[in-house]
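Letter by letter, the chains look like this.
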Amino acid sequence: MKTLLKSTVLAGIGLAFALGAATAQTNLKFAHVYETSEAFHVEALWTAQEFAKRTNNKYQIDVYPASQLGKETDINQGLSLGSVDVILSGASFAARSYPPIGVTYYPFTFRDSEHLAAYSKSDVFRELAKGYEEKTGHVITATTYYGVRHTTSNRAFKSCAEMKGLKIRVPDVPAYLAMPRSCGANTTPIAFAEVYLALQNGTVEAQENPLTTIEAKKFYEVQKHIILTGHIVDQLNTVVAKGTWAKFTDDEKKIWREVSLEAAARASARVKADEAKLVDFFKSKGLTITSIDRNEYLAAVGKSVTFEQFGYRKADWEKIQALK
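Structural notes, computed from the coordinates. Note that the coordinates shown come from a computational prediction; the quantities given were computed from them, not determined experimentally.

Rules of the game
Residues numbered from 1 in each chain as written. Predicted model: local features only at pLDDT ≥ 70, side-chain atom pairs only at ≥ 80, totals over all residues. Heavy atoms only, no water. Helix = DSSP H or I, 4+ residues; strand = E, 2+ residues; numbered from the N terminus. Buried < 20%, exposed > 50% of the residue type's maximum accessible area, 1.4 Å probe, protein only. Lys, Arg positive; Asp, Glu negative; His and termini not counted. Charge placed at Lys NZ, Arg CZ, Asp CG, Glu CD. Core = buried A, V, L, I, M, F, W, Y, C linked by side-chain atoms within 4.5 Å. Contact = heavy atoms within 4.5 Å. Arc of directions from axis to C-beta. Polar contact = N/O pair within 3.5 Å; in protein donor to acceptor, adjacent residues only side chain to side chain. Salt bridge = Lys/Arg side-chain N within 4 Å of Asp/Glu carboxyl O. Phe/Tyr/Trp six-rings, centres within 6.5 Å; stacked < 30°, edge-to-face > 60°. Axes fitted to C-alpha atoms, helices over the stretch in contact; angles between N-to-C directions. Parallel < 35°, antiparallel > 145°, perpendicular 65-115°, else oblique. Left-handed = near helix turned anticlockwise from the far one by under 90°. Nonpolar A, V, L, I, M, F, W, Y, C, P; charged D, E, K, R; others polar. Pairing = 2+ DSSP bridges.

Once that is clear, we can look at the overall build of the protein. Looking only at helices and strands, the protein has 13 helices and nine strands in total. Overall, the C-alpha framework of the protein stretches about 95 × 40 × 30 Å when taken along its three principal axes. Of all 324 residues assigned to the protein, the portion counted as buried reaches 52%. Distance between charge centroids for the protein: 2 Å, based on 40 positive and 35 negative side chains.

Okay, structure coming up:
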């Protein structure tokens, strides 16, 4: 009788553990460097909530904005270290692991946001994303339009030659450095979270980012000019860590792709709408807005920058140029 009772109790305990394991919630960390007011964060929150809902709350995703888990280099490294599960990050950082995917950062590659959208649905994008996955194990599930990168400055300029000696903050990524260095500017890598203070105290006199970021980070408060250089049409990738992706079932992978793509489409639309309003906003704040001769800048870049020096493939760039 005692043996039977003991067996029954043990069986009950085993069943309780099994049920607990089946209903246990898995916590995931989703990190990015953007402000809580920006579309990227709003849609990251929606992604987390929607994925939880569609997987019957199997996953609890906590979103960490504004560099809370580190700057962009840190969170990219975190994918491999296991400190983050999902990140929203520029392809320029993915290019540190797989250089060819950074070809979109060669200056003046894209004509506009529609050209970028066509790229994100193209065979060349799928080939580059696959190459990144094969190299790292991490999976890119969506691409979000980040905006056209322009330059703000406390020193007026219009031509490439007039940028000579300009102290400008640029992300510590080779392709971002290409345009300002081709024009003779002095580039300085400063962490994204520290740019406002660096502009305010004169450590640098200029920086470059999309209009939406210039507004969100309030760079316009410490700058006098916006020069519409439009040198890079930027994008962010939603990237899932190798170990995390491996835990998802096939159905969960499908759900995650659907959710992340939906969020990316909404964020992209909001960024485009916001960009359209911002030139007038900056003018109302007293900033001078200046346009450039794109061909003059492109010629300067072409003389001093090659695809090969960054590990890019010209054939990929040509395929992108051919997209309609």
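Further remarks concern the nonpolar core. Counting residues in hydrophobic clusters, the biggest one holds 83 residues, and the most contacted among them are Tyr119, Trp256 and Tyr297. Tyr119 has contacts with Thr104, Phe110, Val124, Phe125, Leu128, Gln235, Ile320 and Leu323, leaving out every residue within four places of it along the chain. Among the nonpolar cores identified, the runner-up in size contains 14 residues, and Ile190, Leu211, Ile214 and Ile226 belong to it.

Note on placement: Ser67 falls in the loop between strand 2 (59-64) and helix 3 (72-81). Discounting chain neighbours no more than four positions away, the residues touching Ser67 are His32, Val33 and Ala193.

For helix 5 (residues 113-120), every residue scored as buried is listed here: Ser113, His115, Leu116 and Tyr119. Within helix 5, the buried residues cover an arc of 155 degrees as seen down the axis, which keeps them to one side. Along its buried surface, helix 5 packs onto helix 6 (123-136), strand 4 (139-153), strand 8 (225-240), helix 11 (250-284) and helix 13 (314-321). Backbone nitrogen of Glu114 and a side-chain oxygen of the N-cap are separated by 3.2 Å at the start of helix 5; the cap is Asp112.

Summed over the entire model, instances satisfying the criterion amount to 17 salt bridges. Of the charged contacts, one joins Arg54 and Glu258 as a salt bridge, the two residues approaching to 3.8 Å between their closest N and O atoms. Taken as a pair, Arg54 in helix 2 (residues 39-54) and Glu258 in helix 11 lie far apart in primary sequence, 204 residues in all. Overall, the relative accessible area of 34% leaves Glu258 in the partly exposed class. In this structure, the salt-bridge partner of Arg155 is Glu205, at a minimum N-O distance of 3.8 Å. You can see Arg155 sitting in the loop between strand 4 and strand 5 (167-169) and its partner Glu205 sitting in the loop between helix 8 (195-200) and strand 7 (206-210), a full 50 residues away along the chain. Judged by its relative accessible area of 27%, Arg155 falls in the partly exposed class.

You can see Ser260 is positioned in helix 11. Given the relative accessible area of 2%, Ser260 is considered buried. Distance in space between the C-alpha atoms of Ser260 and Tyr145 is 13 Å, their sequence separation being 115 residues. In this structure Ser260 touches Thr141, Ala142 and Thr238, once residues within four positions along its chain are discounted. A polar side-chain atom of Ser260 sits 3.0 Å from a polar atom in the side chain of Thr141.

This next bit is on the packing of aromatic side chains. All chains considered together, the criterion is met by 21 aromatic pairs. Centre to centre, the rings of Phe51 and Phe248 are 5.3 Å apart; their planes meet at 50 degrees, and the pair counts as tilted. Highlighted residues: Phe51 in helix 2 and Phe248 in the loop between helix 10 (242-247) and helix 11, separated in sequence by 197 residues. On the accessibility criterion, Phe51 (0% relative accessible area) is buried. With a centroid separation of 5.4 Å and 80 degrees between ring planes, the pair formed by Tyr119 and Phe125 is classed as edge-to-face. As far as burial versus exposure is concerned, Tyr119 and Phe125 are alike and both buried. Counting every residue linked through ring pairs, the aromatic cluster contains Phe30, Phe51, Tyr59, Trp245, Phe248 and Trp256.

Okay, the packing of helix 2 against helix 11 next. Remark: helix 2 packs on helix 11, axes separated minimally by 9 Å, with the N-to-C direction vectors making an angle of 155 degrees. Classed by the angle they form, the pair helix 2 and helix 11 counts as roughly antiparallel. In terms of crossing hand, the pair formed by helix 2 and helix 11 is right-handed. Here Ala39, Phe40, Val42, Glu43, Trp46, Thr47, Glu50, Phe51 and Arg54 of helix 2 come into contact with helix 11, specifically with Glu252, Ile255, Trp256, Glu258, Val259, Glu262, Ala263, Arg266, Ala267, Arg270 and Val271. Of the residues assigned to the contact of helix 2 with helix 11, the class counts are eleven nonpolar, one polar and eight charged.

Another aspect to go through is the pairing of strand 3 (residues 86-90). Burial runs high along strand 3: five of the five residues are buried. Side chains Val86, Leu88 and Gly90 project from strand 3 onto one buried face, and the interleaved Ile87 and Ser89 project onto a second face that is buried too. When strand 1 (residues 26-31) meets strand 3, the two strands line up parallel, connected through two bridges. By the bridge assignment, Phe30 is partnered in strand 3 with Val86.

Checked against the element boundaries, Gln223 lands in the loop between helix 9 (211-216) and strand 8. We classify Gln223 as buried; its relative accessible area is 5%. A distance of 2.6 Å separates the side chain of Gln223 from the side chain of Thr152, its partner in a polar contact. Setting aside its immediate chain neighbours within four residues, Gln223 contacts Thr152, Ser153, Asn154, Leu199, Glu205, Ala206, Gln207 and Leu287.

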